[in-house]
Amino acid sequence: MNIKEKIGLRVRELRKTNGLSQEKFSFECNLDRTYIASIERGKRNVSIVNVEKIANAFDLSVFDFFDSPIFQ
């Protein structure tokens, strides 16, 4: 699994754990819903700025976002 797929898996995991639709989550992090969908499918090379927006939307630091067995 490549890093784009791992980030997508982590976003989906956190989004579902928090009971958010892609639309509600995209509103929370101020990113387009179709962009979130493509991240979750591992199709986007996400910038570090957008990783920070995503982590903040989950009320996590970037460190905590990546502190998951998915990235080991």
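Just above, that's the structure.
Residues numbered from 1 in each chain as written. Predicted model: local features only at pLDDT ≥ 70, side-chain atom pairs only at ≥ 80, totals over all residues. Heavy atoms only, no water.

Draft legend 1. How the structure looks around the packing of aromatic side chains. One pass over the structure, following the stated rule, counts 4 aromatic pairs. Considering the side-chain rings of F25 and F58, the 4.5 Å spacing of their centres and the 15 degrees angle between planes classify their relative orientation as stacked. On the criterion of sequence distance, the pair formed by F25 in helix α2 (residues 22–29) and F58 in the loop between α4 (48–57) and α5 (62–66) is long-range, its members being 33 residues apart. By the burial criterion, F25 is buried, and F58 matches it. (Phe/Tyr/Trp six-rings, centres within 6.5 Å; stacked < 30°, edge-to-face > 60°. Helix = DSSP H or I, 4+ residues; strand = E, 2+ residues; numbered from the N terminus. Buried < 20%, exposed > 50% of the residue type's maximum accessible area, 1.4 Å probe, protein only.)

Draft legend 2. Focus on unusual backbone geometry. Its identity is not glycine, yet N30 carries a phi of approximately 60 degrees, on the positive side. For N30, the position within the fold is in the loop between α2 and α3 (33–40). Residue N30 is classed as exposed on the basis of its relative accessible area, which comes to 63%. Despite not being glycine, D59 shows a phi value in the positive range, around 60 degrees. Considering the arrangement of structural elements, one finds D59 in the loop between α4 and α5.

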